[in-house]
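Below, each chain spelled out in residue letters.
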Amino acid sequence: MIKMLPSSNISLILLFLTILFLNSSYGSQKTKELDERRKEGSVTTKIVGGAVVNPPFKYPWIVGLFEGGLTSVDHFCGGSVIDDTHILTAAHCTVGIPKTGIFVQVHRHDLTESPENEDAQIRSVIKMIVHPFYEENSEGTPLNDIAIWTLDSPLDSVVPIELDWDGLDYSDPGTPARIMGWGRIDSDGPSSPFLLHTNVSLISNYQCSLDYDELFPPTMLCAGTPEGGKDACQGDSDKFLS
């Protein structure tokens, strides 16, 4: 059994993020609009230019979020285990989503296989906490796009993702990072049934703002490759940089 993160620390995570993001204006969450956009695939994020993770289950903290039933194959987002009863995911994967009928699957690789064949652990969700300053900016980019879900029962012997408690500096362009997920393999293509990953590098927010003609606040990270062709897409949210 992994060590459980105390509920006070969960609150501290959100408090820290709230303080960090105070420079963001706070608006309505536009629940209905965001839910419609999520279903259309215009909000969530894909692994483009990725390779199949080998060996399978290399990233034990990765989870798939499914709707429709215990054995559903309707995968819509991802997340990361932060302790044995909590996962970290995207707020846009949470707003407008009822807890009933949503299941978290851990220890997945090939989504064409049944969860039982991959010895997956399946949990339902009893609580969802969205960052209090989550919103979309005028360009439609989600800000403070973070949520924490509480599972109905503890996970058994799952290694959680390592959280940055030291406040490391991620502003150095060129810093290597990795993204992973089951999302679309190109903007108009199908989702991958296998967990994919690829390497990217951090890009300065200033350069990102120039490239996309959109202001990227210091509370966001920008990553990619100079030649392009590697990215995250629909179905990968939220796959964290590692």
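Fair warning: this is a prediction, and the values are worked out from it, not measured in the lab.

Caption draft 1: Highlighting the overall build of the chain. Within the chain one finds three helices and 12 strands. Among the 242 residues that make up the chain, the fraction classed as buried is 48%. Approximately 12000 Å² of the chain is accessible, and the part contributed by carbon and sulfur atoms is 55%.

Caption draft 2: Structural detail: unusual backbone geometry. At the junction of Asn 54 and Pro 55, the peptide bond is cis and its omega measures out at 5° in the coordinates. The topology assignment puts Pro 55 in the loop between strand E1 (51-52) and strand E2 (62-67). Phi at His 107 takes a positive value of approximately 70°, unusual for a residue other than glycine. A relative accessible area of 32% means that His 107 is categorised as partly exposed.

Caption draft 3: Structural detail: the pattern of salt bridges. Summed over all chains, the structure comprises one salt bridge. Of the charged contacts, one joins Glu 118 and Arg 108 as a salt bridge, the two residues approaching to 2.7 Å between their closest N and O atoms. Of the two residues, Glu 118 is situated in the loop between strand E5 (102-106) and strand E6 (121-130) and Arg 108 in the loop between E5 and E6; the sequence distance between them amounts to 10 residues. No difference in accessibility class separates Glu 118 from Arg 108, as the two residues are buried.

Caption draft 4: Focus on a nonpolar patch on the surface. The grouping of Leu 168, Tyr 170 and Leu 221 at the surface amounts to a nonpolar patch, some 300 Å² of accessible area in total. In this structure, Leu 168 sits in the loop between strand E9 (147-151) and strand E10 (176-181). Here Leu 168 falls in the exposed class, since its relative accessible area comes to 53%.

Caption draft 5: The sheet that holds E6, seen in detail. Read around the closed barrel, the six strands follow the order E2-E3-E4-E9-E6-E5; overall the barrel is antiparallel. The mean inter-strand angle of the sheet, taken between neighbouring strand axes irrespective of direction, is 40°. Examined bridge by bridge, E6 and E9 share five bridges and lie antiparallel to one another. Within E9, the position partnered with Lys 127 by the bridge is Thr 150.

Caption draft 6: Main features of the confidence of the model for the chain. Taken as a whole, the chain shows an average pLDDT of 75; of its residues, 70% reach a score of 70 or greater. For the stretch residues 1-46, pLDDT sits under 50, and the model shows 107 contacts to residues farther than four places along the chain or on other chains. Note that residues 233-240 has pLDDT below 50 and, in this model, 57 contacts with residues that lie over four places away or in other chains.

Caption draft 7: Main features of the state of the cysteines. Under the definition given, this model contains two disulfides. Covalent S-S linkage joins Cys 77 and Cys 93, the inter-sulfur distance amounting to 2.0 Å. Taking the torsion about the sulfur-sulfur bond, which here is approximately -75°, the covalent link between Cys 77 and Cys 93 counts as left-handed. In this pair, Cys 77 sits in strand E3 (residues 75-83) while Cys 93 sits in the loop between strand E4 (86-89) and E5, placing the two residues 16 residues apart along the sequence. Neither residue differs from the other here; Cys 77 and Cys 93 are each classed as buried. Paired through a disulfide, Cys 208 and Cys 222 show a sulfur-sulfur distance of 1.5 Å.

Conventions used here
- Residues numbered from 1 in each chain as written.
- Predicted model: local features only at pLDDT ≥ 70, side-chain atom pairs only at ≥ 80, totals over all residues.
- Heavy atoms only, no water.
- Helix = DSSP H or I, 4+ residues; strand = E, 2+ residues; numbered from the N terminus.
- Buried < 20%, exposed > 50% of the residue type's maximum accessible area, 1.4 Å probe, protein only.
- Areas by Shrake-Rupley, 256 points an atom, 1.4 Å probe, with all protein chains shown as cover.
- Salt bridge = Lys/Arg side-chain N within 4 Å of Asp/Glu carboxyl O.
- Patch = residues over 30% accessible without salt bridge, like charges linked within 9 Å, V, L, I, M, F, W, Y side chains within 5 Å.
- Pairing = 2+ DSSP bridges.
- Axes fitted to C-alpha atoms, helices over the stretch in contact; angles between N-to-C directions.
- pLDDT = per-residue confidence, 0-100.
- Contact = heavy atoms within 4.5 Å.
- Disulfide = S-S within 2.5 Å.

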